[in-house]
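Coordinate analysis (summary)
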Amino acid sequence: MSEKGWSQLWLDYASKAGKDSVNGIRMGNVNVDIKDFDVDNRVIESAVKELNRAFCGDNDKVKVTLVRNKEVAKEGYRIGNIIGGSNENVAKSDAPEYVIEASDENGALYGVFHLIREKLMGKEYPNICADCAPSNPLRMMNHWDNMDGSIERGYSGRSFFFVGDEIVVNERTVDYARFMASVGINGVVINNVNVKWAATDLITTRFFDKVKELSDIFGDYGIKLYLSLNFASPIELGGLPICDPLDKDVINWWKDKIKEVYDHLPDLGGFLVKADSEGRPGPFTYGRTQADGANMLGDIIAQYGGIIIWRCFVYNCTQDWRDTKTDRARAGYDYFKGLDGEYHDNVILQIKNGPMDFQIREPISPLLGGLTKTNQMLEVQIAQEYTGHQIDVCYLIPMFKEILGFKTYCRDDLDTVADVISGRTMGNKYAGMAAVINTGNDYNWTGNDLAAANLYGFGRLAFNTELSSEEIAREWVRLTFDLEQDLEDKLVDMLLRSREIYEKYTSPLGIGWMVTPSDHYGPSVDGYEYSRWGTYHRADHLGLGVDRTDKGTGYAQQYYSPNAEMYNDPKTCPENLLLFFHHIPYTWKLASGQSLIQYIYDSHFEGCAEAEELAETWKEFEGKVSDRTYACVSERFGRQVYNAREWRDQVNSYFYRKSGISDEKGRTIY
Ligand code: GCV
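Predicted model, so just to flag it, every value in this text is computed and none were measured.

Time to look at the overall build of the protein. A count of helices and strands for the protein gives 18 helices and 17 strands. The C-alpha radius of gyration of the protein comes to 25 Å, within 12% of the 26 Å expected for a compact globule of 670 residues. The principal-axis extents of the C-alpha atoms in the protein amount to approximately 75 × 65 × 50 Å. Across the 670 residues that make up the protein, the buried fraction comes to 61%. Across the protein, the fraction of contacts at a sequence separation of at least 24, relative to all contacts at a separation of at least 6, is 73%. When the accessible area of the protein is evaluated, it comes to approximately 24,500 Å², of which 48% is carbon and sulfur surface. In the protein, 73 positive and 100 negative side-chain charges are present, and the distance between their average locations comes to 1 Å.

Below you can see the structure in the form of structure tokens.
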């Protein structure tokens, strides 16, 4: 157990490099030299501190030289023995000498963390070398922390930023910043996008000093602090009757407010805004567009170098589903595509990976790449809202890899989601990835120790979208635990399989939901919270699925060709999304030869059995990981298995009763 009262996650130098380490990692004792960087720069100071923390052994001298080299990409770094493009300056001392070159301080810090990571994974001089540039300019974490200390969709305890409407700044905040920087995160939004109650006051004198303290700690680690903004602040704080973005008084109010904010928080990165959705106010209230709202704020914040990140999660949750043309999935594209090109340069649209809401399987949002003249970034969720609440193991990096690899066909080349959101496709300055974070004040930060693989993994992937799911999983396992090779392989394998296992025992073939309304954990087949108009999955005695073809809601037509045609036809639609796009009879034959109904039965039996198998395999880790980790994860596996059985039984019996078709394998369906 860490003495601090919270885990050191993948930066647990003491236990990794300790005497009892299975892998016998020797970090050595460091001597740092700095060339052409300001030694007093706060990020450089953090880099040096981190080196001293990691290399604190009393043997094996190690030398690290940090060198500024303008040729290295922004926030990138090179590690090795090459300075200025030649080998002349290779260290010839007895101690291994690592040279880290970067053009800016963040790059130097990331280079330091790279070196530490490789050392902790057992790599030795001279095999540690690197030439890295971040794939994405913005790599952000979005907290949905409320000021009363609760966390919307939080499964790891309470907020460590806010307690009882006050901001908390302590040593844990510093560790948080270190962890984030160690995986390349350079922006953090500290408060929930649903800005309510005291959170509106974050842009008032009541909180400026404390927010500044947080911002300074983040700044030490190259991280910009951002705030979620309440679009109705002119009313709630300013006492104005409206918050119409085109109203002169409203604009003037924002001008004064944003000046005041930047007077107190000069390093603020900008604002994240959720407008016109799920009860939040926005431009639609006044007959204005999303661009009107975003640009108004963007224009004001521009002189301070700030940006506006405007979420595209805008939909009408009171839509009447009985009209078969009405489709929540269409909303993002319908509201935003027509405004492509109208958003100003410092406005970025943040787009959820799918058109609905972070389900275990969704198609890629057609807005990604659908917009061709607008800054855009991808939003994913590592808080496991629909993916098991950090009770069930669900390693999400394979899902994110699929998203990034999706070919949008927005042009002939450089058209994958990874290209689009990195800014490569359209040459955007502002682009990147954001994750709704999965942390809280639990000892282990993420509720389930294994959920930290998503925290680590998101950062690593946002920094380098070329890394594979397996590489990331292996890095995380090796850094976090100290396992013999066979157990390391087993844990990596468990993580890699976990998303598909979760998918098998929950909602089939892309249909989504079927979860307990509001809470979103556990099965409730008809339980979509906005389904007062009937079931959203449209199951009847003959089949299920939503017709989103040109004959149905027309959603499939929001994609470029040939994706539009592929999704439109049930024969070419990827099977794992079949029910998202089509209403399919239970007797429909899948490629495997199974009928749809038999697939539903089989996958639920299989998924549940595989969850049981994961829980069984975990027993082999007793005594091989800390007692606390073992107990925590075991308890969660117990709940996962229970959950999986409930899903299996409820889904199977629901569709057995609906279809009247028996399981051809004769298993008991309750
Ligand atoms: C922060 C879903 C979640 C909400 C969340 C919303 C959003 O609807 O259930 O808790 O609100 O997404 O992304 O804004």
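On we go.
With 16 residues, helix H5 (residues 205-220) ought to run about 22 Å at 1.5 Å a step, and its terminal C-alpha atoms sit 23 Å apart, in line with that. Every buried residue belonging to H5 is among Phe 207, Phe 208, Val 211, Leu 214, Ser 215, Ile 217, Phe 218 and Gly 219, and all of these are buried. On its buried side, H5 packs onto helix H2 (42-54), strand E8 (166-167), helix H4 (171-182), strand E9 (187-189), strand E10 (224-229) and helix H7 (248-264).

The omega torsion across Ser 561 and Pro 562 is 5°, close enough to zero to call that bond cis. Mapped onto the elements of the fold, Pro 562 is located in the loop between strand E16 (543-544) and helix H15 (563-568). For Leu 9, which is not glycine, the phi dihedral falls at a positive 45°. Along the polypeptide, Leu 9 turns up in the segment before helix H1 (13-16).

For the rest of this paragraph, the subject is the sheet that holds strand E1 (residues 29-35). Overall, mixed pairing links the five strands, which are arranged E1-E2-E4-E3-E5 in an open sheet. Because the sheet does not close on itself, it has two edges, and the strands there are E1 and strand E5 (130-132). Put simply, the sheet's adjacent strands are angled 15° from each other on average, direction ignored. Bridge count for strand E3 (residues 77-80) against strand E4 (residues 97-102) is three bridges, and the pairing is antiparallel. Paired with Ile 79 across the strands is Ile 100, a residue of E4. Where H2 meets the sheet, it contacts E1 and strand E2 (61-68), and its direction lies at approximately 160° from that of E1.

Right, let's get into the pattern of salt bridges. With the rule as written, the count across this model stands at 54 salt bridges. Across the salt bridge formed by Glu 385 and Arg 153, the nearest N and O atoms sit 3.1 Å from each other. With a gap of 232 residues between them, Glu 385 in the loop between strand E14 (376-381) and helix H10 (397-405) and Arg 153 in the loop between strand E6 (138-142) and strand E7 (162-163) connect regions that are remote in the sequence. Among the ionic contacts, a cluster of salt bridges with common partners joins Lys 4, Glu 50, Arg 53, Glu 171, Asp 175 and Arg 178.

Secondary-structure assignment places Lys 257 in helix H7. With sequence-adjacent residues up to four places away left out, Lys 257 is seen in contact with Ile 203, Thr 204 and Leu 237.

Our focus in this paragraph is the confidence of the model for the protein. Model confidence for the protein is summarised by a mean pLDDT of 95, while 97% of its residues fall at 70 or above. For residues 82-91, every residue scores under 50 in pLDDT, and the model assigns this stretch 14 contacts once sequence neighbours within four places are set aside.

On to the layout of surface pockets, then. Left-over empty space is what a probe sized like a water molecule reveals as it rolls over the atoms. Quantified by volume, the largest pocket comes out at close to 1,000 Å³. Taken together, 41 residues line the largest pocket, and the ones lying closest to its centre are Asp 12, Tyr 13, Ala 14, Ser 15 and Lys 16. Among the elements of the structure, H1, H2, helix H13 (469-480) and helix H18 (627-659) are those that each provide at least two residues to the lining of the largest pocket. Of the residues forming the lining of the largest pocket, the biggest block, four residues, is contributed by H1. Grouping the constituent residues of the lining of the largest pocket by class yields 15 nonpolar, 14 polar and twelve charged.

Bringing the site of the ligand into the picture now. Neighbouring the ligand are 14 residues, the closest being Glu 152, Lys 274, Arg 311, Lys 352 and Glu 385. The separation between an oxygen atom of the ligand and a polar side-chain atom of Glu 385 is 2.6 Å. Calculation on the ligand without its partners gives an accessible area of 340 Å², and the protein chains cover 97% of this total. For the shell around the ligand, the residue count by class is three nonpolar, three polar and eight charged.

Each value, and the rule that gives it
- Every chain's residues receive numbers from 1 upward, in the order its sequence appears when written.
- Selection of residues for local features in this predicted model requires a pLDDT of at least 70, selection of side-chain atom pairs for listing and counting requires 80 or more, and totals for whole chains, interfaces and linings are taken over all residues.
- Values shown for side chains rest on all heavy atoms present in the structure; no hydrogens or waters enter the calculation.
- Runs of E in the DSSP output that reach at least two residues are strands. Runs of H or I that reach at least four are helices, and both are numbered from the N terminus.
- Restricting the calculation to C-alpha atoms gives the radius of gyration, and the globule rule supplies 2.2 Å times the number of residues raised to the power 0.38.
- To sort residues, take the accessible area from a 1.4 Å probe on protein chains only and compare it with the maximum for the residue type: under 20% means buried, over 50% means exposed, and anything in between is partly exposed.
- Note on contacts: a residue pair qualifies if any of its non-hydrogen atoms lie within 4.5 Å across the two residues.
- With residues, only the protein chains shown are counted as cover, and all accessible areas are computed by Shrake-Rupley using a 1.4 Å probe.
- His is not counted here, nor are the chain ends, while Lys and Arg score as positive and Asp and Glu score as negative.
- Think of each charge as sitting on NZ of Lys, CZ of Arg, CG of Asp or CD of Glu.
- The span you would expect from a helix comes to 1.5 Å times its residue count less one.
- For two strands to pair, DSSP has to find at least two bridges joining them.
- Note on geometry: axes are C-alpha line fits, over the in-contact stretch for helices, and angles between N-to-C directions span 0 to 180 degrees.
- Any Lys or Arg side-chain nitrogen located within 4 Å of an Asp or Glu carboxyl oxygen qualifies as a salt bridge.
- pLDDT is a per-residue confidence score from the predictor, ranging from 0 to 100.
- Grid points spaced at 1 Å and placed over the protein atoms alone form the basis of the search, with a cavity being a set where a 1.4 Å probe fits but cannot get out and a pocket an open set showing protein on both sides within 12 Å along at least five of seven lines. Lining residues have an atom within 4 Å of a point.
- Grid points are joined across faces, edges and corners, and a volume is the space filled by probe spheres set on the points.
- Three classes are used, and their members are as follows: Ala, Val, Leu, Ile, Met, Phe, Trp, Tyr, Cys and Pro are nonpolar, Asp, Glu, Lys and Arg are charged, and the others, Gly among them, are polar.
- Residues are classed as near a molecule or strand on a simple rule: at least one heavy atom within 4 Å of it.
- Each polar contact in these results corresponds to two N or O atoms within 3.5 Å; when the atoms are within protein, one needs to be able to donate a hydrogen and the other to accept it, and residues that are neighboring in sequence are counted only if both atoms are side-chain atoms.

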